[in-house]
Amino acid sequence: MTHSPRTIMRIHFHVAEPAEGLYDQLLTVLDTITPRIEPHPADWSADLDLTGALRYWARDPAALVGVIRLRVLALHGVQSSAGAGPNLMIAAMAAASTPPGTATVIGHNPYDVAAFLRPQPAAALPGIGPATVRTLARYGIHTVGDIADTPLATLQRILGTSARQVRERAHGNDERHVTPAAAPRSISTTHPYDRDELDPTRHHAALLGLTGELGHRLREQHSITQALTLTVTYADRTSTTRNPHPGRTDRPHPSAHPHRTRTPHALGLQRARVRTLSLRAERLLPAEQAVHQLALDTRDDKARVLEAILDRARIRYGPGITTTATTSIRSSTRRR
């Protein structure tokens, strides 16, 4: 009995204005093709193991990738880009170099793999960061092909214990597998402007409103968040995804009180023409796992008291009643 060679796909969803629940709906579309899906909601992507699905759907890799992208577009109007190849590394590298709206499929033939990999810059290999790139460049090693052609003993003197794995990957070998998992729980809230907004004060007010609304929803469903992601959509419909806490992916402690989110001033939006702000709380956990760190600064305790008051006001009068109050109250809290 012969086994089909592995075929792995990475798909990126290009969404200008993320809607709550959309990512889960996109995963449902993928699940109609194969159950072997590893979601990456932070950058709106996912890995799929298509090995068994190719035989079931009686299609070659390029055709099945096309079917998946077409279904995503037809059912949800979401444009995508994708890369596919014989392993996870090649699929991810192919996807990273593929423009939106297209796909790159690398065949299983060793010549096809080498033709794709060898011209790639050394930084394209997983596990090679800027410092390693600079180290390799000092020895005249600039591309994946250069790494593949360098004797292992030489690489070991340059890179140490990681040399063997780096060289294996430069030859296109990657034994990692797609790990099926459910998408981490998340919730989001969005503030669309009636017209493109240039005023940083209004950006600030909108973000405070979003954090207040998101915090209320977290506390209402007894959840805490491990990470916050801010998506800014601009006048030309391009968008950037930013971490409100520069220098870290996760919040200092899982929390249902995202009132310490940085202002748009700290996020570099002073001169941006903004169309939409979206704030997403990711990797939710039960509220019982929250940690309240003791501090000498009383502002955190004051903010929690104010949040409790605003939560009661939202429940009684509706979610929009406290937007303006939130902005003014938090401003007065900072002045104290």
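Preceding this paragraph is the structure being described.
Summarised in this report is the structure supplied together with it. As the structure is a prediction and not an experimental result, all values here were calculated from the model.

Per the counting criterion, the structure on display carries six salt bridges. Among the salt bridges present, the one from Asp 47 reaches Arg 10, with a minimum N-O distance of 2.6 Å. With Asp 47 in strand S3 (residues 45–49) and Arg 10 in strand S1 (residues 8–14), this residue pair connects regions lying 37 residues apart in the sequence. Of the two residues examined, Asp 47 and Arg 10, each falls in the buried class. Asp 49 is the partner of Arg 36 in a salt bridge, and the nearest nitrogen-oxygen pair spans 3.7 Å. Here Asp 49 lies in strand S3 and Arg 36 lies in the loop between helix H1 (22–31) and strand S2 (37–40), a separation of 13 residues in the sequence. Classification of Arg 36 by relative accessible area gives partly exposed; the value is 38%.

The subject of this paragraph is the sheet that holds strand S5 (residues 103–105). Spatially, five strands are ordered S2-S3-S1-S4-S5 in an open sheet, and the strand pairing comes out mixed. Each having just a single partner strand, S2 and S5 make up the two edges of the open sheet. Put simply, the sheet's adjacent strands are angled 15° from each other on average, direction ignored. Relative to strand S4 (residues 79–85), S1 runs antiparallel, the two sharing seven bridges. From the neighbouring strand, Ile 8 faces S4, where its bridge partner is Gly 85. Sitting on the sheet, helix H3 (residues 61–76) is in contact with S1, S3, S4 and S5, with an inclination near 160° to S4. Along the sheet face, helix H4 (residues 88–96) touches S1, S3, S4 and S5 and points at about 145° away from the line of S4.

Before going further, it helps to examine helix H10 (residues 200–220). Helix length check: H10, at 21 residues, gives a terminal C-alpha distance of 30 Å against a target of 30 Å (1.5 Å per residue), a fit within 8%. Sitting at the amino-terminal end of H10 is Asp 199, which places a side-chain oxygen 2.9 Å from the backbone nitrogen of Thr 201. In the stretch just after H10, His 222 is the one whose phi turns positive, near 55°.

As a further point, take the environment of Leu 155. With respect to the helices and strands, the residue Leu 155 is situated in helix H8 (residues 152–159). By relative accessible area, which is 0% here, Leu 155 ends up buried. Residues Leu 155 and Val 166, eleven residues apart in the sequence, show an inter-C-alpha distance of 8.8 Å. When neighbours within four sequence positions are excluded, Leu 155 is seen to be in contact with Leu 136, Ile 141, Ile 147, Thr 150, Gly 160, Ala 163 and Arg 167.

Take the packing of H8 against helix H9 (residues 163–170) next. In contact at an axis separation of 8 Å, H8 and H9 are set at 125° when each is read in the N-to-C sense. As summarised for this structure, H8 and H9 are arranged oblique, according to the angle between their axes. The two elements H8 and H9 cross, and the hand of that crossing is right-handed. When H8 is examined against H9, the residues Leu 152, Leu 155, Gln 156 and Leu 159 are found in contact with a partner set consisting of Ala 163, Arg 164, Val 166 and Arg 167. Looking at the contact of H8 with H9, its residues break down into five nonpolar, one polar and two charged.

Here we take up the sheet that holds strand S8 (residues 239–242). Strand pairing in a sheet relies on backbone hydrogen bonds. The paired strands run either parallel or antiparallel. Strand order in the open sheet formed by four strands is S6-S9-S7-S8, and the pairing between neighbours is antiparallel. Only two strands of the sheet have a single partner each, and these edge strands are strand S6 (186–197) and S8. Taken pair by pair, the neighbouring strands of this sheet meet at an average axis angle of 15°, ignoring direction. Where strand S7 (residues 223–234) lies against S8, four bridges are found, and the strand directions are antiparallel. Looking at S8, one finds that Val 232 is bridged to Thr 240. Sheet strands touched by H10: S6, S7 and strand S9 (274–286). Its angle to S6, the strand with the most contacts, is close to 155°.

Residues Met 9, Ile 11, Phe 13, Leu 30, Leu 48, Leu 50 and Ile 68 are the most contacted members of the largest nonpolar core, which totals 26 residues. In terms of residues, this core owes the most to one element, H1, which gives six residues. Counting 22 residues, the second-largest nonpolar core is a separate cluster that includes Phe 116, Ile 128, Leu 136 and Ile 141.

This part is about the packing of aromatic side chains. Within this structure, the stated rule accounts for three aromatic pairs. Ring centres of Phe 13 and Tyr 23 lie 6.3 Å apart, and the angle between their planes is 80°; on these two criteria the pair is classed as edge-to-face. Here Tyr 23 lies in helix H1 and Phe 13 lies in strand S1, a separation of ten residues in the sequence. Residue Tyr 23 is classed as buried on the basis of its relative accessible area, which comes to 2%. Centre to centre, the rings of Tyr 23 and Trp 44 are 5.5 Å apart; their planes meet at 80°, and the pair counts as edge-to-face. Of this pair, Tyr 23 sits in helix H1 while Trp 44 is found in the loop between S2 and S3, placing the two residues 21 residues apart along the sequence.

About the cut-offs
Residues numbered from 1 in each chain as written. Predicted model: local features only at pLDDT ≥ 70, side-chain atom pairs only at ≥ 80, totals over all residues. Heavy atoms only, no water. Salt bridge = Lys/Arg side-chain N within 4 Å of Asp/Glu carboxyl O. Helix = DSSP H or I, 4+ residues; strand = E, 2+ residues; numbered from the N terminus. Buried < 20%, exposed > 50% of the residue type's maximum accessible area, 1.4 Å probe, protein only. Pairing = 2+ DSSP bridges. Axes fitted to C-alpha atoms, helices over the stretch in contact; angles between N-to-C directions. Contact = heavy atoms within 4.5 Å. Expected span 1.5 Å × (residues − 1). Polar contact = N/O pair within 3.5 Å; in protein donor to acceptor, adjacent residues only side chain to side chain. Parallel < 35°, antiparallel > 145°, perpendicular 65-115°, else oblique. Left-handed = near helix turned anticlockwise from the far one by under 90°. Nonpolar A, V, L, I, M, F, W, Y, C, P; charged D, E, K, R; others polar. Core = buried A, V, L, I, M, F, W, Y, C linked by side-chain atoms within 4.5 Å. Phe/Tyr/Trp six-rings, centres within 6.5 Å; stacked < 30°, edge-to-face > 60°.

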